[in-house]
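# Residue-level structure breakdown
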Amino acid sequence: MHDLQASLKTAQRFSLNWTYLNAIARGVSVIDLGALALRNLVDARQFAREYGYDIEQPGVLDYLRRIQREALAFVREQFLSPAQQPLLPPELDDDSQPLQLLVLASQRSHRFEPSRLWACAVLKVMHGLFYIDNSLKLRHFAAIRQQVFAGLDEVIRVEGEHQYLSDGSICLPLVHVDRKRNKGRHSILLKLLQKPEYVAADIHDHLGVRLTLNTRIECLLALDLLRRAHLVTLTNLEISRTRNTLVDLLAAKEVFTRHRAEIDRSQDYPQALLQQMDQELATISQAQAQRDNPHSAADFQSLQLTVRKMIHLPAAELGSTHERNANAEGQLEGLNEGLIASSGDISFFFAYEIQLLDAASFEKSQQGAASHEAYKQRQVETARRRVLGPELLAWLQAQPC
């Protein structure tokens with residue numbers, strides 16, 4: 001017996017949410033929406049449960065409150081001037097019922113409502129924080145960092161106060177070695193907020209190394225050294241993220257071919273010859289304009305590679321409840337061996353960056369528009385525009401403060 005019958009009868013007027021349908025069908029990021037579409041706290045509870053947080057579970061409500069406070073502080077400190085901070089509506093400070101933010105973000109979407117837009121801004125930041133807290137790669141970052149740098153440490157050598165890049169065949173003097181060991185929590189959040197893909201985007205520069213050599217010719221020698229050491233191969237590169245604004249390869253090949261015999265005859269390290277080759281390279285090079293990062297300065301020059309490394313995490317570090325229970329009962333054969341080996345280890349690829357610069361490009365990157373501080377500020381401005389949105393930005397600009 002069937003109780004269900006086809007029907008379009010609803011308690012309220014029948015309608016479709018065209019804004020949401022358009023966003024879903026066209027792939028519009030949630031960060032670019034100006035409102036949610038929840039009717040009440042019952043809707044909000046169901047939304048939160050399907051999102052991944054059931055407030056009936058122990059500790060969930062306290063966690064949501066903490067994230068709400070962190071997100072609100074981030075908006076206040078990163079996106080508002082001291083004079084603008086008092087404009088935040090007081091209801092955002094009320095963390096007694098975090099789900100109320102979802103309802104507030106859904107109210108009066110047909111008209112301009114500052115409280116709704118502020119709630120949306122805070123929820124966008126919370127969404128990014130949830131992603132950070134639930135990323136397997138970030139949760140086991142210490143083990144990942146150790147494995148990534150283990151390979152690099154085999155070719156980056158230290159002798160007293162000097163550093164070299166060596167594969168046992170040639171040895172190149174390094175001017176600077178900068179290791180990016182981890183982005184801070186809010187640096188990762190800022191990166192996510194300014195990316196078009198939002199939290200679907202992977203952050204490729206959690207880890208990395210920047211190698212500065214004296215000349216651009218030596219940067220190419222370093223790249224070939226990394227290739228011979230198998231740290232950089234075509235099979236482990238994310239090709240779409242390769243950025244070369246440093247070296248014109250055709251011009252460099254011409255200069256190298258011209259002076260290769262002199263390099264072979266050199267008894268000592270031919271620094272003067274390499275400097276001469278760099279000068280010749282500069283006179284015949286075409287500008288390398290490959291750039292799609294809107295926050296990089298136009299005059300920042302580097303050779304940047306994104307490399308994938310296979311990471312292996314032992315079961316002991318994962319701390320899987322399922323695995324612990326299985327070990328306790330001696331019933332490992334009950335596990336799905338296609339997903340978890342008898343050891344319980346898991347493996348996955350992790351992307352990190354290798355960046356090569358010559359000394360002149362490095363010095364230029366420390367000042368002006370190419371400096372890290374200027375780059376960071378451009379990121380903040382992009383994230384501010386996306387989180388607050390055009391309506392709220394216009395409203396802030398119109399306030400007398």
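Residues numbered from 1 in each chain as written. Predicted model: local features only at pLDDT ≥ 70, side-chain atom pairs only at ≥ 80, totals over all residues. Heavy atoms only, no water.

### Details of the environment of Ser302
Locating Ser302 in the fold gives a position in the loop between helix 11 (271-284) and strand 7 (303-313). Here Ser302 falls in the buried class, since its relative accessible area comes to 3%. Counting along the chain gives 57 residues from Ser302 to Thr245, while the straight-line C-alpha distance between them is 5.4 Å. Contact partners of Ser302, with chain neighbours within four places excluded, come to Arg243, Asn244, Thr245, Leu246, Gln355, Leu356 and Leu357. (Helix = DSSP H or I, 4+ residues; strand = E, 2+ residues; numbered from the N terminus. Buried < 20%, exposed > 50% of the residue type's maximum accessible area, 1.4 Å probe, protein only. Contact = heavy atoms within 4.5 Å.)

### Quick word on the sheet that holds strand 8 (residues 346-358)
Sheet architecture is open: five strands sit in the order 4-5-8-7-6, paired in mixed fashion. The open sheet terminates on both sides in strands that have one partner only, identified here as strand 4 (176-180) and strand 6 (243-244). In this structure, strand 5 (residues 208-213) lies alongside strand 8, joined through six bridges in parallel fashion. Note on strand 8: the bridge partner recorded for Leu211 is Leu356. Strand contacts of helix 9 (residues 216-228): strand 5, strand 7 and strand 8, with the helix running at about 160 degrees to strand 8, the strand carrying the most contacts. (Pairing = 2+ DSSP bridges. Axes fitted to C-alpha atoms, helices over the stretch in contact; angles between N-to-C directions.)

### Here we look at the packing of aromatic side chains
All chains considered together, the criterion is met by nine aromatic pairs. Ring geometry for Tyr63 against Phe130: centres 5.9 Å apart, planes inclined by 40 degrees, an arrangement best described as tilted. Of this pair, Tyr63 sits in helix 3 (residues 60-79) while Phe130 is found in helix 5 (residues 114-133), placing the two residues 67 residues apart along the sequence. For Phe130, a relative accessible area of 10% puts it in the buried group. Cluster of aromatic residues (ring-pair linked, three or more members): Phe47, Tyr51, Tyr53, Tyr63 and Phe130. Over the ring of Phe149 we find Arg179; its NZ or CZ atom is 5.1 Å from the centre of that ring. (Phe/Tyr/Trp six-rings, centres within 6.5 Å; stacked < 30°, edge-to-face > 60°. Lys NZ or Arg CZ within 6 Å of the ring centre and 35° of its normal.)

### Quick notes on the nonpolar core
In summary, soluble globular proteins display a tendency toward joint burial of nonpolar side chains. If you look at the biggest cluster of nonpolar residues, it comprises 94 residues, and the most contacted ones within it are Trp118, Leu165 and Leu388. Take this core: its biggest share by element is twelve residues, from helix 5. Apart from residues lying up to four places away in sequence, Trp118 is in contact with Val75, Leu80, Leu87, Leu88, Pro89, Leu92, Leu388, Leu392, Trp395 and Leu396. (Core = buried A, V, L, I, M, F, W, Y, C linked by side-chain atoms within 4.5 Å.)

### Here's the deal with the sheet that holds strand 3 (residues 171-174)
Taken in spatial order, the three strands of this open sheet run 1-2-3, and their pairing is antiparallel. For this open sheet the edge positions go to strand 1 (156-159) and strand 3, each flanked by a neighbour on one side alone. The sheet shows a mean angle of 35 degrees between the axes of neighbouring strands, taken without regard to direction. Sheet topology note: the strand 1/strand 2 (residues 162-166) ladder contains four bridges and is antiparallel. The residue of strand 2 that forms the bridge with Glu159 is His162.

### Some thoughts on the packing of helix 5 against helix 8 (residues 185-194)
Direction vectors running N to C along helix 5 and helix 8 enclose 120 degrees, while the axes themselves pass 10 Å from each other. The angle between helix 5 and helix 8 places the two elements in the oblique class. The way helix 5 lies across helix 8 gives a crossing that is right-handed. Between helix 5 and helix 8, the residues in contact are Lys124, Val125, Gly128, Leu129, Tyr131, Ile132 and Asp133 and Arg185, Ile188, Leu189, Leu192 and Leu193, respectively. Taken together, the residues that form the contact of helix 5 with helix 8 break down as eight nonpolar, one polar and three charged. (Parallel < 35°, antiparallel > 145°, perpendicular 65-115°, else oblique. Left-handed = near helix turned anticlockwise from the far one by under 90°. Nonpolar A, V, L, I, M, F, W, Y, C, P; charged D, E, K, R; others polar.)

### Section: the environment of Gln379
Along the polypeptide, Gln379 turns up in helix 15 (residues 372-398). The buried category is assigned to Gln379, whose relative accessible area is 2%. Sequence spacing of Gln379 and Gln194 is 185 residues, and the spatial spacing of their C-alpha atoms is 6.6 Å.

### Side note on the packing of helix 10 (residues 249-265) against helix 11
Axis separation between helix 10 and helix 11 bottoms out at 9 Å; the angle between their running directions is 155 degrees. Overall, the two elements helix 10 and helix 11 adopt an arrangement that is roughly antiparallel. You can see that helix 10 and helix 11 cross each other, and the crossing is right-handed. Between helix 10 and helix 11, the contacting residues are Ala251, Ala252, Glu254, Val255, Phe256, Arg258, His259, Glu262 and Ile263 on the first element and Leu273, Gln276, Met277, Glu280, Leu281 and Ile284 on the second. Considered class by class, the residues forming the contact of helix 10 with helix 11 number nine nonpolar, two polar and four charged.

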